[in-house]
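Coordinate analysis (summary)
Next come the chains, spelled out residue by residue.
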Amino acid sequence: MANADEVKKILSYVKDNNIQFIDFKFMDFPGQWQHFTVPVSQLSEDSFEDGYGFDGSSIRGWKPINESDMLIIPDPNTMFVDEFIESPTLSLICDVYEPATKEKYSRCPRNIAQKAEAYVKSTGLADTVYFGPEAEFFVFDDVRFESNPNSSFYMVDSIEGRWNTGRDEGPNLAYKPRFKEGYFPVPPTDSLVDLRNEMVLALQRTGIHVEAQHHEVASGGQCEIDLRFEPLVKAADQLLMFKYIIKNTARKFGRTVTYMPKPIMGDNGSGMHVHTSLWKDGKPLFAGNGYAGLSEMALYFIGGLLKHAPSILAFTNPTTNSYKRLVPGYEAPVNLAYSQRNRSASIRIPMYSNSPKSKRVEFRCPDPSGNPYLGFSAILMAGLDGILNRIDPGEPLDKDIYDMPAEELANVPSTPESLSAALRALEDDHEFLLKGDVFTDDVIETWIKYKFEKEIKPMALQPHPYEFGLYYDC
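Just so it is clear, the model here is predicted, and its values are computed rather than measured. (Residues numbered from 1 in each chain as written. Predicted model: local features only at pLDDT ≥ 70, side-chain atom pairs only at ≥ 80, totals over all residues. Heavy atoms only, no water.)

1. Regarding the pattern of salt bridges
For the structure on display, the rule yields 24 salt bridges. For Arg196, the salt bridge goes to Asp190, with nearest N and O atoms at 2.6 Å. In terms of burial, Arg196 and Asp190 fall into one category: buried. In this structure, Glu427 and Arg424 form a salt bridge, with 3.3 Å as the shortest nitrogen-oxygen distance. Residue Glu427 and its partner Arg424 are located together in helix H10 (residues 419–428), separated by three residues, close to a single helical turn. Its relative accessible area of 40% is what places Glu427 among the partly exposed residues. Taken together, the shared-partner salt bridges in this structure form one network comprising Asp75, Asp95, Arg110 and Asp237. (Salt bridge = Lys/Arg side-chain N within 4 Å of Asp/Glu carboxyl O. Buried < 20%, exposed > 50% of the residue type's maximum accessible area, 1.4 Å probe, protein only. Helix = DSSP H or I, 4+ residues; strand = E, 2+ residues; numbered from the N terminus.)

2. Considering the packing of aromatic side chains
Here the structure, examined in full by the defined rule, presents 20 aromatic pairs. A centroid spacing of 4.5 Å and a plane angle of 35 degrees characterise the contact between Phe24 and Tyr52, whose relative ring orientation is tilted. Of this pair, Phe24 sits in strand S1 (residues 21–27) while Tyr52 is found in strand S3 (residues 52–55), placing the two residues 28 residues apart along the sequence. Each member of the pair Phe24 and Tyr52 is classed as buried. Pairing Phe26 with Phe54 gives two aromatic rings, centres 4.8 Å apart and planes at 45 degrees, and the pair type is tilted. Within this pair, whereas Phe26 is found in strand S1, its partner Phe54 is found in strand S3, the two being separated by 28 residues in sequence. (Phe/Tyr/Trp six-rings, centres within 6.5 Å; stacked < 30°, edge-to-face > 60°.)

3. Concerning the pairing of strand S9 (residues 151–157)
Note that strand S8 (residues 142–148) and S9 share seven bridges and pair antiparallel. Directly across from Glu146, in S9, lies its bridge partner Phe153. Connecting S8 to the next strand, S9, in antiparallel fashion are two residues. (Pairing = 2+ DSSP bridges.)

4. Looking at the packing of helix H6 (residues 296–316) against H10
Angle between the axes and distance between the axes: these two values describe a pair of packed helices. Put simply, H6 and H10 touch, their axes get as near as 7 Å, and they point 120 degrees apart. Both H6 and H10 take part in a crossing whose hand is left-handed. Contact residues: Pro310, Ser311, Leu313, Ala314 and Phe315 in H6; Ala422, Leu423, Ala425 and Leu426 in H10. The residue makeup of the contact of H6 with H10, split by class, is eight nonpolar, one polar and no charged. (Axes fitted to C-alpha atoms, helices over the stretch in contact; angles between N-to-C directions. Left-handed = near helix turned anticlockwise from the far one by under 90°. Contact = heavy atoms within 4.5 Å. Nonpolar A, V, L, I, M, F, W, Y, C, P; charged D, E, K, R; others polar.)

5. Some words on the side chain of Ser158
Structurally, the position occupied by Ser158 is in the loop between S9 and helix H4 (193–205). When its relative accessible area of 1% is taken as the criterion, Ser158 is described as buried. Each residue touching Ser158, except ones within four places of it in the same chain, is listed here: Val139, Phe140, Asp141, Trp163, Asn164, Arg167, Gly220 and Gly221.

And the structure:
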């Protein structure tokens, strides 16, 4: 039940600021925000108890048409002014309910994340889990793509793209980042600093705390804006707000943003390193006297992540394109190992500070294409399984992998090579996700079925343009 004081605060804000519309946002199964809007006259105290009905059969991965009625109930703690809608509009993030029983819908991703937070507390190990995502993205100036029975193509372009050094731009002013050399150049090579500043200001106006913004490694407009860590559900809420605000700010300035992990061949892809830590009674639990200043609990947490990583990636790297990023040679964390500095390891322990409060585990495999409620929950459940079963993470990988002999590197496990492989791993290894009824068998089965039917099989049936170069003359 919604907090009465929070509800009154919203109603007062609506009245005092001449809000005209209320926009309700909620998460579908694959990971896209959905929304609908009502006039402000339709908002009352009862709205936070009775909710609003909608057709669930039209939402991906949800109800059949004969069971289509669903209910959303807004969370009063999530309000923000949506400055990308012309009329004064207040946005609220919602939970999805079954109208007949008034119980939360089992496939609602936000519900799964809420159950994950509750499960942490039920174990007695911790009372808070923090997540800090670093979502990278590309800013493009023009994007075109099409797939037909007899043709298929894509084209992305950026005024920053190194491939445009010879283009007549009337005039071409050069200063285009080299491939793999886009990290931290000053303007004019970094031509996106003003746009990123506008993005940061828009984020701050919604109450999101930003730590830093910068150009990333790839040419063609790759960027990163870092957010401060928050508890699991709030971190996922804010990541969705972040993606929404970044995309719409770019559009406002005539640019377009994608969180697709690998839109450019031969350059670095976009990842989303996820920083995680457990706390109890206001005290950090991952600091200790072990390797890299970690506690025994943190090392077991790492052990669980490494053991279950192949199945976790079905949620944290949930697209066929995700596995075009997870290849050696582009700083991608393909090695299922941990290290205090080695960025090729899938788990890193940041060493910027000796403060116990800053001690955390950085899982580097995820990318920003996924559903954060499901991805964060899967990471947490794997780590908790490691703690509860005292899973030894083995020895750290502190060597430079590029100098390691092939026979030694062959002993280091690697990430799945495809979404199909990750889904098969999830099929074989998901018992740890079912604890506390956080995930359910139905959720796991529906996720696997949806991904195979809607993404993997259609991709397998579509001829690839590169295949014509390889095989047309065979």
